[in-house]
Amino acid sequence: MKTLKSVFSKTIVLSMTTALLITGCSKTSTDSPTTTTKATASAAASEAPKQVTLKFVTFGSGKQADSQEVWDEFNKKLATLLPNTKVEFEPIVNTAYADKWKLMAAAAEPIDIAWTGYVLDYPGEVNKGSYLELDALVDKFAPDLKKEIPAWVLDRARVNGKLYAIPNYQQAVDNRPTLRVPKEFIDKGYIDPKLAQETFYKYGPVSKESLAVIENYLEKLKQNNQLRKGFSTANLPGMQHHNMLTAPFKLAGDLKDPKSLKVVNIYETEQEQLFIKTMTDWYAKGYIRKDILSMQNQRQDEGKSDGNIAWFHTMVGSIEDQSKIDSTRYGFPVQVIPMEEKYVISNLSDSTNLAIPRTSKNPERAMQLLNLLDSQKGKDLYNLLVWGIEGKHYKKISDTKIETIGYSGQGTPDAKYGQWNWASGNTANSFETQANPENFTKIWQDTNAGATISPLLGYKPNLDPIKTELAQIQAVVKEYAGSGATQILETGAVPDSDAKYKEFIDKMKKAGSDKITAELQKQVDEFLKTKK
């Protein structure tokens, strides 16, 4: 009994001791989750992104009737992709953008994302310090963008080797020059499009052989009293100026052989002299209307059934698609005849981009938003921003195609909603619309992939050393060559064009054209050394 009692007593004591230990452990366990929860909550709060509102200045059709409704939907969707982030949009219509940007920059307005491109002097804005350098931000906050957009696209927005904007990825080739003619004249045998195309490809758009093909066509029209408003001289010389550095100076040579690249004044080239001589001859023969110099818009009769019997424009994609598009646009059958075989991606590199201004309060978050607008991850967000709300601003035709409501092509100021996809992000993620040919996205992506890429991609000329000479040159060019849709020497209508041409070149040389050529050549040579 004693032994049993002793054992029992010891068992009780052990049980009590165990109970106390368990109780103690229980107390510690009860306190620990509370402490841990508080610590975890505190850590989470410190790691959670702060609530920010990004100011986004857009370029295009401006504020529209349903803009605020779309922006509200945009911010709802954005909250699921980029928490604690809201966007305040400031849309500026394209025609007012340059002046508005100057005012914003002068006032140092806080802006987180802003469009920049062809209506601004992009390299000049970079040199003034308007935009932040983006390489480090892209590496850290935009992995999807960097993976999905080809490196050469980003190179187009580099200045002195550094990235200051994200190009809106799109069809990036220089458009090919083409001859447009009414199809009825092809059916009558006045011009053979296949033979014409072969000649253009072999000898180039401006050559004796190519111009002879066009003249043969014009002769047949004259013989049959079908010249109508005549031949439109506008646009051909300008369309073939790949690698324009700053008008009128471009890079000539074989893009695949950097050593052959030379800076030239386009008005001093053999092609320009040939073109002026030929147009002078055609004007005398009656192929060009006699009142062309008095016309404020010398292109006004292009694409009219009773207008020009031949004119020049550019194209991208297939000949068949472009011919269909033009025929629909003009209201009568038109045949497009391409004049260059290969597409070129030249150094026209700053036409449409999104930048983070130096006044941004939230550059990291801004880059995260750009990552969305430029990648598959934010595809739906991007299409919402561009095209608006399904059923209200567009009808869904398929997973990739829509029909816009109230406009065709790109949004207009009087449309309920519709922005410009090429000014808003990566157009590879954009819906195609009724204005696009079938498989348009694949067409331009394949075109980009097969194009010749200029070795000057990323080069931006420094015009400061020659700005005085350039201003003087522009004045001379306007006097002798004209501007915009009004040309002078190239119309062929100038009496004694040989003497006028010589006078033109002499005045440009006195204004400093040789100095400009030498300075730009020096810069090009230095840039090409960095590419080795």
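This text follows the structure it describes.
Everything numeric here is computed off the predicted structure, so don't read it as measured data.

Visitor: Would you explain the overall build of the protein chain in this entry?
Guide: When helices and strands are counted, the protein chain shows 19 helices and 19 strands. Taken over 532 residues, the protein chain has a buried fraction of 50%. Summarising the internal contacts of the protein chain: among those between residues at least 6 apart in sequence, 78% fall at separations of at least 24. About 25700 Å² of surface is accessible on the protein chain, with carbon and sulfur atoms providing 53% of the total.

Visitor: Sorry, what's going on with helix α12 (residues 270–285) here?
Guide: One turn of the α-helix equals 3.6 residues, which is why residues spaced by three or four share an orientation. Taking 1.5 Å of rise per residue, the 16 residues of α12 would be expected to cover 22 Å, and the 23 Å separating its terminal C-alpha atoms lies within 8% of that figure. Glu272, Phe275, Ile276, Thr278, Met279, Trp282 and Tyr283 are the residues of α12 that are buried.

Visitor: Would you take a moment to explain the nonpolar core for this structure?
Guide: In terms of nonpolar packing, the biggest core is built from 75 residues, with Phe74, Tyr97 and Leu369 touching the most fellow members. If near-sequence neighbours (up to four positions away) are discounted, Phe74 is found in contact with Val87, Phe89, Leu369, Leu373, Leu381, Leu384 and Leu385. With 32 residues, the next largest nonpolar core counts Ile186, Ala196, Tyr287 and Ile292 among its residues.

Visitor: Looking at this model, I keep getting lost on the pairing of strand β2 (residues 85–93). Mind explaining?
Guide: The side chains of a regular strand alternate, first on one face of the sheet and then on the other. Pairing between strand β1 (residues 52–60) and β2: nine bridges, direction parallel. Following the sheet pairing, Val52 is matched in β2 by Thr85.

Visitor: Even after reading the chapter, I still don't get the pairing of strand β12 (residues 334–338), so can you show me in this structure?
Guide: A large share of β12 lies buried, amounting to five of its five residues. Going residue by residue along β12, you find Val334, Val336 and Pro338 tucked away on one face and Gln335 and Ile337 tucked away on the opposite face as well. Of the pairings in the sheet, the one linking strand β7 (residues 176–182) to β12 comprises five bridges and is antiparallel in character. Within β12, the position partnered with Arg180 by the bridge is Val336.

Visitor: Looking at this structure, how should I read the sheet that holds strand β6 (residues 166–167)?
Guide: Strands pair in a sheet through their backbones, by hydrogen bonds, and they do so in one of two ways: parallel or antiparallel. Spatially, β2-β1-β3-β14-β6 is the arrangement adopted by the five strands of the open sheet, whose pairing is mixed. The open sheet terminates on both sides in strands that have one partner only, identified here as β2 and β6. Together, β1, β2 and β3 (113–117) form the strand contacts of helix α3 (residues 97–106), whose direction differs from that of β2 by roughly 125 degrees. Sheet strands in contact with helix α14 (residues 363–373) are β1, β2, β3, β6 and β14 (352–355), and its direction is about 50 degrees off that of β1.

Visitor: Explain the packing of aromatic side chains here, please?
Guide: To describe a pair of aromatic rings, one takes the distance between the centres and the angle between the planes. In total, this model carries 26 aromatic pairs according to the counting rule given. Linked through ring pairs, Phe59, Tyr97, Trp115, Tyr118, Trp420 and Trp422 together constitute an aromatic cluster. The ring of Tyr283 has Lys290 sitting right over it, with the charged end atom 4.2 Å from the ring centre. The ring of Tyr330 has Arg329 lying over it, and the distance from NZ or CZ to the ring centre is 5.8 Å.

Visitor: I'm lost on unusual backbone geometry in this one. Help?
Guide: Of all residues except glycine, most have a negative phi; of all peptide bonds, most are trans. Pro248 follows Ala247 through a cis peptide bond whose omega is 0 degrees. Assignment of secondary structure puts Pro248 in the loop between β8 (244–246) and β9 (249–252). Positive phi, close to 55 degrees, is recorded for Ala108, a residue that is not glycine. The residue Ala108 is located in the loop between α3 and β3 in this model. Phi angles above zero are rare outside glycine, and Asp496 is one such case at about 50 degrees. The topology assignment puts Asp496 in the loop between β19 (486–487) and α18 (497–511).

Visitor: I tried to follow the sheet that holds strand β10 (residues 262–265) on my own but got confused; where do I start?
Guide: Spatially, the three strands line up as an open sheet ordered β8-β9-β10, and their pairing is antiparallel. The outermost strands of the open sheet, each flanked by one partner alone, are β8 and β10. Averaged over all neighbouring strand pairs, the angle between strand axes comes to 35 degrees, with direction disregarded. Here β9 pairs with β10 via four bridges, running antiparallel. Within β10, the position partnered with Ala252 by the bridge is Lys262.

Each value, and the rule that gives it
- Residue numbers restart at each chain and count upward from 1, following the sequence in its written direction.
- Totals for whole chains, interfaces and linings use all residues, but because this is a predicted model, local features are given only for residues with pLDDT of at least 70 and pairs of side-chain atoms are given and counted only at 80 or more.
- Note that the side-chain values use all heavy atoms of the structure and ignore hydrogens as well as water.
- By the criteria applied, helices consist of DSSP H or I runs no shorter than four residues and strands consist of E runs no shorter than two, each listed in order from the N terminus.
- A simple rule labels every residue: compare its accessible area, found with a 1.4 Å probe on the protein chains alone, to the largest value its type can have, and call it buried under 20%, exposed over 50%, or partly exposed in between.
- Two residues qualify as a contact provided that any one of their heavy atoms is within 4.5 Å of a heavy atom in the partner residue.
- Only the protein chains shown count as cover for residues, with accessible areas throughout obtained via the Shrake-Rupley method and a probe of 1.4 Å.
- Here the expected span of a helix is defined as 1.5 Å times the quantity of residues minus one.
- Working definition of a nonpolar core: buried Ala, Val, Leu, Ile, Met, Phe, Trp, Tyr and Cys residues. They are joined through side-chain atoms within 4.5 Å.
- By this definition, two strands are paired if DSSP reports at least two bridges between them.
- Note on geometry: axes are lines fitted to C-alpha atoms, helical ones only across the stretch in contact, with angles between N-to-C directions running from 0 to 180 degrees.
- Any pair of Phe, Tyr and Trp rings, taking the six-membered ring for Trp, is counted once the centres come within 6.5 Å. Such a pair is stacked with planes under 30 degrees apart, edge-to-face with planes over 60 apart, and tilted for the rest.
- Criterion for a charge above a ring: Arg CZ or Lys NZ at most 6 Å from the ring centre, at most 35 degrees from the ring normal.

Without other data, these values stay purely geometric and don't point to any function.
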